[in-house]
Number of protein chains: 2
Amino acid sequence: MREALAHERAALEVFATVDATDQHTDLVEAARRHEVPWHVVTDDVVEAMTDTVQPQGVIARCAMLDRPLEALLDRSPTFLVVCADVRDPGNAGAVIRCADAAGAEGVVFVGDSVDPFNPKSVRATVGSIFHLPIAVSRDIPGSLAAVQQAGMAVLAADGKGDVGLFDDGLDLSAPTAWLMGNEAWGLPDEVSALADSIVAVPIFGRAESLNLATAAAVCLYASARARNSH
Amino acid sequence: MREALAHERAALEVFATVDATDQHTDLVEAARRHEVPWHVVTDDVVEAMTDTVQPQGVIARCAMLDRPLEALLDRSPTFLVVCADVRDPGNAGAVIRCADAAGAEGVVFVGDSVDPFNPKSVRATVGSIFHLPIAVSRDIPGSLAAVQQAGMAVLAADGKGDVGLFDDGLDLSAPTAWLMGNEAWGLPDEVSALADSIVAVPIFGRAESLNLATAAAVCLYASARARNSH
């Protein structure tokens, strides 16, 4: 809520119960400052507006914040995450939160991915959905080509990759877009083939793989570490 | 299933439908080799035995595999994960999977943690629950003291930590037990105070924190990298 009010043009209007309005004077003040209308409503209105089991009494109606990939690339980013065919909203949200923590400059959802503005995804981002630009495009080859055209190497994260994440040859301080695949089947070969490198998170024990969010965390933090070690 | 049959003493007996028995001849053979009884039953028996929505037709009844912390420490591990008050079974399973992938030698659940053998947790480990020893103990101070006594430094993962995960001063190639806190409130101060160091995963963007599984992934892989870079 605080994040939505602080983000330019995110919150359009707020609906809150009497109790919540009394309790969150800081939010009322923030809404006033950003000229966001604040409507005091009854408890059952708030309940009807949300799908959470125990609503907190305050709801912001927000603008859809995705932007065209071109607009995102116009900012000359050097560290992006591209999710291909990611289906679970919790995973999508966790990857956005991770991308924000690692200092990435945007997240792009391509192919047949879940809507990152799905309420479950938004909740899993814990506010990060307002922190970095999100783009959505169905076109996988076109999007990857545009990212490469913008100067980033596309690194496909795949356990079958021929380069190890911690190999000396991999320069993660260079402009990079991490390409993450579906939670169940990963990246199809024809998508991996579009990447500049296929990079494997090394497995030191006997697990077959990591799940999507933890694999993204390890890859993004390897990049963050390389980018911030100068 | 394959993992349970391969693990010494894990699978006690198998219940399978006619179709599943016909389909999984490799499992039938593995069960025979390990002298695990294989019972062919009707579909409704399998359905009644499981809480998954679409059971796969084969169920192994397994022994509880947790062991006393002392028995785990008798193996002289130098890389452990300790989860304090972790409540969500999906998170517990994800941490076990991560620990396995990073080459940790065991996972210890202390305090008021979820049962790591909860079906949801077991499924989230994707087989890793059979790959490394799991210990459970309610006693947090006693467990941490035993881990320290066994020669490992206890590193508490906490965003408020005074040492950064990538700081030069932190020697992650030394024997280490990572202490992870509850998914909502992290580690209480009195628990962090028992650790040898409190270590923060650096945040490079504007996220407040990482979720439990992704924080564990970043910490465990920082250790794995240091331990395997010689």
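Everything discussed here concerns the structure shown above.
The rules behind these values
Residues numbered from 1 in each chain as written. Chains lettered and ligands numbered in written order. Predicted model: local features only at pLDDT ≥ 70, side-chain atom pairs only at ≥ 80, totals over all residues. Helix = DSSP H or I, 4+ residues; strand = E, 2+ residues; numbered from the N terminus. Contact = placed C-beta atoms within 7 Å. Pairing = 2+ DSSP bridges. Axes fitted to C-alpha atoms, helices over the stretch in contact; angles between N-to-C directions. Least-squares fit on C-alpha atoms with pLDDT ≥ 70 in both. Parallel < 35°, antiparallel > 145°, perpendicular 65-115°, else oblique. Left-handed = near helix turned anticlockwise from the far one by under 90°.

Asks: Summarise the environment of Ile198(A); cite the residues concerned and give the values.
Replies: Positionally, Ile198(A) belongs in strand 11 (residues 197-200). Excluding anything up to four places from it in sequence, Ile198(A) contacts Ala156(A), Asp158(A), Gly161(A), Asp162(A), Val163(A) and Ser192(A).

Asks: Just give me the short version of the sheet that holds strand 2 (residues 38-40) of chain B, but keep the residues and values in it.
Replies: All names here are of chain B. What the three strands build is an open sheet, ordered 2-1-3; its pairing is mixed. Strands with a single pairing partner mark the edges of an open sheet, and in this sheet they are strand 2 and strand 3 (58-62). Here the strands of the sheet are splayed against their neighbours by 20 degrees on average, with no regard to which way each runs. Alignment of strand 1 (residues 11-16) against strand 3, held across five bridges, turns out to be antiparallel. In the strand pairing of strand 3, Glu13 is matched with Arg61.

Asks: Before we move on, can you summarise the relation of the copies chain A and chain B with the specific residues and values?
Replies: Superposition of chain A onto chain B requires a rotation of 180 degrees combined with a translation of 0.0 Å along the rotation axis, giving an RMSD of 0.0 Å. Given the turn and translation reported, the copies of this chain are related as if by a two-fold rotation axis. Same-surface contact between copies: 100% of interface residues of chain A are shared with the interface of chain B.

Asks: Give me the packing of helix 10 (residues 212-227) of chain A against helix 10 (residues 212-227) of chain B: which residues, what numbers.
Replies: When two helices pack together, you describe them by how their axes are tilted relative to each other and by the distance separating the axes. Remark: helix 10 of chain A packs on helix 10 of chain B, axes separated minimally by 8 Å, with the N-to-C direction vectors making an angle of 50 degrees. Classified by the angle between their axes, helix 10 of chain A and helix 10 of chain B sit oblique to one another. Of the two possible hands of crossing, helix 10 of chain A and helix 10 of chain B adopt the one that is right-handed. Note on element contacts: helix 10 of chain B touches helix 10 of chain A through Ala213(B), Thr214(B), Ala217(B), Val218(B) and Tyr221(B), opposite Ala213(A), Thr214(A), Ala217(A), Val218(A) and Tyr221(A).

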